[in-house]
Amino acid sequence: MFRSLASSVLLIALLASAPSRSVSGADSPDARPIQEEIWALPIVHPTLAYVVRPVGKGPFPLAVMNHGVALDARERGFFPLVEFRDAAMWFARQGYLVVAPIGSGYGAAALDVPDKGLFGVFFSKVGSCDNPNFHDAGLAAALLEGWIIEYMAKEGLALADDAIVVGQSAGGWGAIALSSVNPPSVKAIITFAAGRGGRVGGKPNNNCAPEKLVEAAADFGRTARTPMLWIYAENDTFFGPELTKRMHDAYTAGGGRAEYRMLPPYGNDGHFLIGSPDAIPLWAPLVVQFLDQHR
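This section reports on the structure supplied with the text. (Residues numbered from 1 in each chain as written. Predicted model: local features only at pLDDT ≥ 70, side-chain atom pairs only at ≥ 80, totals over all residues. Heavy atoms only, no water.)

## Concerning the packing of aromatic side chains
Logical step 1: Under the counting rule described, the total for this entry stands at ten aromatic pairs.
Logical step 2: Relative to F91, the ring of W90 has its centre 4.9 Å away and its plane inclined at 90 degrees; by these criteria the two rings are edge-to-face. F91 matches W90 in its accessibility class, with the two residues each being buried.
Logical step 3: Centroid distance F91 to W283: 6.0 Å. Interplanar angle 15 degrees. Geometry classified as stacked. In this pair, F91 sits in helix α3 (residues 85-93) while W283 sits in helix α9 (residues 280-294), placing the two residues 192 residues apart along the sequence. W283 shares its class with F91; the two are buried. (Phe/Tyr/Trp six-rings, centres within 6.5 Å; stacked < 30°, edge-to-face > 60°. Buried < 20%, exposed > 50% of the residue type's maximum accessible area, 1.4 Å probe, protein only. Helix = DSSP H or I, 4+ residues; strand = E, 2+ residues; numbered from the N terminus.)

Right, here's the structure in full:
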């Protein structure tokens, strides 16, 4: 275990010191040059993050992008550095400094035992499927987002009052939870396929406790006033249209501000829409329009 821990620390150090890689953006005539880096963020819970940003000194508006939760415990130990690199690069070309943290208990932080990473229980778990705690799991993810935003602004790396949060799946659920505390620096929140407890036992459209998910969405909506955009695809097998419409109705009934957009079926499973570069033309116009209205 100690050898593995030392190796993980060394890996973090090497990644943090790795030279940045510039991307010219020649694939689009109006794309600005951007650069990709790996950072070790010295926040309350030290976190590795994929960072992509415009070339230049900044500070830039900040975009925090959060990934979902792998269903299989072993997969969490081999989680990719970033699930949606092309989407992150798209946001960087819009002028954002994009920070995509690696969740606790994932990748190098998983140590020798998959799903036993530092703080993994606190940040990744919803408890038993018979009685899941969707509410606190969402707020735990929101706490990490808040730490990142605070650190980036304090260091002068990002504009203190111009941040957005983007989340996919469980990362999107954390973003919904974040909206309930209305952080003043966050101007808008965008989610893709947001939810928790989907595909129990690997079965499509089989949620842990759909009533509790709707109930938690309603609770977040009662205090949420940050503008949100919820994006789903019709063939999402984790969170289907019927469930997500109920979540949205419950969230907005209490005063939550969220636009709900349902895209046509995409690929084999629309849950992974944001991970495909080919899907960017489908969601980018919605995002541009939304951000133009709320920034």
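## Topic: the packing of α3 against α9
Logical step 1: At a minimum axis distance of 12 Å, the contact between α3 and α9 shows a crossing angle of 35 degrees. Judged by the twist between their axes, the crossing of α3 over α9 is right-handed. Here D86, A87, W90 and F91 of α3 come into contact with α9, specifically with I280, W283, A284, V287, V288 and L291.
Logical step 2: In terms of residue class, the contact of α3 with α9 is made up of nine nonpolar, no polar and one charged. (Axes fitted to C-alpha atoms, helices over the stretch in contact; angles between N-to-C directions. Left-handed = near helix turned anticlockwise from the far one by under 90°. Contact = heavy atoms within 4.5 Å. Nonpolar A, V, L, I, M, F, W, Y, C, P; charged D, E, K, R; others polar.)

## What to know about the pattern of salt bridges
Logical step 1: In the structure shown here, the tally under the stated rule is five salt bridges.
Logical step 2: Taking the shortest distance from any N to any O, the salt bridge between E37 and R53 comes out at 3.0 Å. Separated by 16 residues along the polypeptide, E37 in strand β2 (residues 34-41) and R53 in strand β3 (residues 47-54) bring together distant segments of the chain.
Logical step 3: Since its relative accessible area comes to 16%, R53 is described here as buried. (Salt bridge = Lys/Arg side-chain N within 4 Å of Asp/Glu carboxyl O.)

## Regarding unusual backbone geometry
Most peptide bonds take the trans configuration, and most residues that are not glycine carry a negative phi.
Logical step 1: Omega for the peptide link from G58 to P59 comes to 5 degrees, which places this bond in the cis form.
Logical step 2: With respect to the helices and strands, the residue P59 is situated in the loop between β3 and β4 (60-66).
Logical step 3: Even without being glycine, R199 reaches a positive phi, approximately 50 degrees.
Logical step 4: In this structure, R199 sits in the loop between β7 (186-192) and α7 (210-223).
Logical step 5: At N205, a residue that is not glycine, the phi angle is positive and equals roughly 55 degrees.
Logical step 6: The residue N205 is located in the loop between β7 and α7 in this model.

## Considering empty space enclosed by the protein
Logical step 1: All chains considered together, the criterion is met by two cavities of 30 Å³ or more.
Logical step 2: Of the voids in this model, the second largest cavity is the one considered here, and its volume is about 40 Å³.
Logical step 3: Along the walls of the second largest cavity sit Q168, F192, A193, I231, Y232, A233, G270, H271, L273 and I274, which together make up its complete lining.
Logical step 4: Counting residues per element, the lining of the second largest cavity draws most heavily on strand β8 (residues 228-233), at three residues.
Logical step 5: The class makeup of the residues in the lining of the second largest cavity is seven nonpolar, three polar and no charged. (1 Å grid on protein atoms, 1.4 Å probe; cavity = no way out; pocket = protein on both sides within 12 Å on 5 of 7 lines; lining within 4 Å. Points joined across faces, edges and corners; volume = space filled by probe spheres on them.)

## Considering the pairing of strand β6 (residues 158-168)
Logical step 1: Summarising burial for β6: eight of the eleven residues are buried, a large majority.
Logical step 2: For β6 and β7, the ladder comprises six bridges, and the chain directions are parallel. Each bridged residue has a counterpart across the sheet, and for G167 the counterpart in β7 is T191.
Logical step 3: For the handedness criterion, the β-α-β arrangement of β6, helix α6 (residues 170-179) and β7 is classed as right-handed. (Pairing = 2+ DSSP bridges. Right-handed = clockwise from strand over helix to strand, strands pointing away.)

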